[in-house]
Amino acid sequence: MKFIVITGANKGIGLAVVEAILREQTQYAVILGSRDRGRGEAARNELLAIDPAWSDRVEVFELDVSSDRSVSLAAERIAERREGDSLRLAGLVNNAGAINGSIAEVLEVNAYGIRRMCRAFAPLIEEGGRIVNVTSASGPNFVARCDADRQAFFTDETMTWERLDAFMQQCTGLRSLDTLGMGGGAAYGLSKACANVLTIHLAKQYPDLVVNACTPGYIDTDLGRETLGSRTPEEAGMKAPADGARAIMKLLFETPRGVGHYYGSDGLRSPMDHYRAPGSPEFTGT
Ligand SMILES: NC(=O)c1ccc[n+]([C@@H]2O[C@H](COP(=O)([O-])OP(=O)(O)OC[C@H]3O[C@@H](n4cnc5c(N)ncnc54)[C@H](OP(=O)(O)O)[C@@H]3O)[C@@H](O)[C@H]2O)c1
């Protein structure tokens, strides 16, 4: 059995990806990452209520992506089982996300969390395995408001971790995001722009793996509802979590056109510096 690890999988889009794998990819099992074990077990029980036969294919791991200790403990457990030959790791979905909190707190989960997970788990993934970073259209929308130099930074094919880390550290000290070539906006958009350019870097760092990012679309989840204002999910055009799983499933199980790219919710490649609406022509630039 091949395993896929999914972070923040106790609800929302992460849980929908778990369910999609259980339904559609019968030769795969899932490690359902949850920062709270109880919430993870409750999510597993929800799945087993749908189909008790899934019980051998879904396991809960306590996994807080903002904690070095939590991430390394989970990776150690997997490494032990891998050596004992009871587990083949085929992929990682960096889905956990935060929208509220300070710039530092949001970056910690949405950008540093991805890097932390990749450092610990990428060496355990078999050759040709997948890493999918769940980012957001908020990333390209944030970059579109930046000046030309900052836009070039956010799409830089030669991005290094040192440069990105130094920039993110500068950002954590800011009161607002209308300096350093940025055009204002929220910590969430900044964090997703950082996660997209981090994806470019990670694809180069792990050439034996297929590393990409995508947006799930505008999805009716707790996090999504934070953006509604006075609108209802219907008025805002939100889709169901199962719809949000589609682009992620595509990047996990189909052959994407390349690596280090960002894809739209329709599964087609999108630019990292401006929004491409689903259904419009695929981005083919560099
Ligand atoms: N919904 C949308 O419209 C939309 C659009 C674009 C992108 N996204 C992205 O999709 C991803 C999933 O979000 P969602 O919409 O499904 O929201 P959600 O239902 O609120 O789920 C967010 C998940 O992330 C987990 N999480 C938060 N901080 C964590 C941490 N430090 N360690 C581990 N897990 C953590 C949450 O755990 P708890 O339950 O313990 O809080 C929860 O499981 C996020 O990356 C989000 O940015 C969503």
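Residues numbered from 1 in each chain as written. Predicted model: local features only at pLDDT ≥ 70, side-chain atom pairs only at ≥ 80, totals over all residues.

J.: Would you mind going over the sheet that holds strand E5 (residues 125-134) with me for this structure?
T.: Pairing between the strands of a sheet is mediated by backbone hydrogen bonds and can be parallel or antiparallel. The eight strands lie next to each other as E3-E2-E1-E4-E5-E6-E7-E8, forming an open sheet whose pairing is mixed. Two strands lie at the open edges of the sheet, namely strand E3 (58-62) and strand E8 (269-270), each paired on one side alone. One ladder, built from five bridges, connects strand E1 (residues 2-6) with strand E4 (residues 88-94); its direction is parallel. Looking across to E4, one finds that Phe3 is bridged to Leu89. Across the face of the sheet, helix H4 (residues 103-121) comes into contact with E1, E4 and E5 while running at roughly 175° to E4. Across the sheet, helix H8 (residues 187-205) touches E5, strand E6 (210-214) and strand E7 (262-263), and the angle it forms with E6 is around 170°. (Pairing = 2+ DSSP bridges. Helix = DSSP H or I, 4+ residues; strand = E, 2+ residues; numbered from the N terminus. Contact = placed C-beta atoms within 7 Å. Axes fitted to C-alpha atoms, helices over the stretch in contact; angles between N-to-C directions.)

J.: Just to check I follow, could you spell out the site of the ligand for this structure?
T.: Around the ligand sit 29 residues, and of these Gly8, Gly12, Gly97, Leu223 and Gly224 come closest. Of all the secondary-structure elements, those providing two or more residues to the shell around the ligand are helix H1 (12-24) and helix H9 (222-225). Here the shell around the ligand is composed, by residue class, of 11 nonpolar, 12 polar and six charged. (Near = placed C-beta within 6 Å. Nonpolar A, V, L, I, M, F, W, Y, C, P; charged D, E, K, R; others polar.)

J.: So what exactly am I meant to see when it comes to unusual backbone geometry here?
T.: Comment: phi is negative for the bulk of residues other than glycine, and the bulk of peptide bonds are trans. Backbone geometry at Leu180 places phi at a positive 55°, although glycine is not the residue there. The residue Leu180 is located in the loop between helix H7 (161-172) and H8 in this model.

J.: Is there a simple way to think about the packing of helix H3 (residues 68-83) against H4 in this case?
T.: Helices that pack against each other are described as a pair by the angle of their axes relative to one another and the distance between those axes. At their nearest, the axes of H3 and H4 sit 9 Å apart, and the two run at 30° to each other. Judged by the angle between their axes, H3 and H4 are roughly parallel. Once H3 is placed against H4, the crossing between them reads as right-handed. Note on element contacts: H4 touches H3 through Arg116, Met117, Ala120 and Phe121, opposite Asp68, Val71, Ser72 and Ala75. (Parallel < 35°, antiparallel > 145°, perpendicular 65-115°, else oblique. Left-handed = near helix turned anticlockwise from the far one by under 90°.)

J.: How should the packing of H7 against H8 be read in this particular structure?
T.: Axis separation between H7 and H8 bottoms out at 10 Å; the angle between their running directions is 170°. Taken together, the axis directions place H7 and H8 in an arrangement best described as roughly antiparallel. Side by side, H7 and H8 meet where Trp161, Leu164, Met168 and Cys171 of the first sit next to Leu190, Cys194, Val197, Leu198 and His201 of the second. Of the residues contributing to the contact of H7 with H8, the split by class is eight nonpolar, one polar and no charged.

Nothing here speaks to function; it is all geometry.
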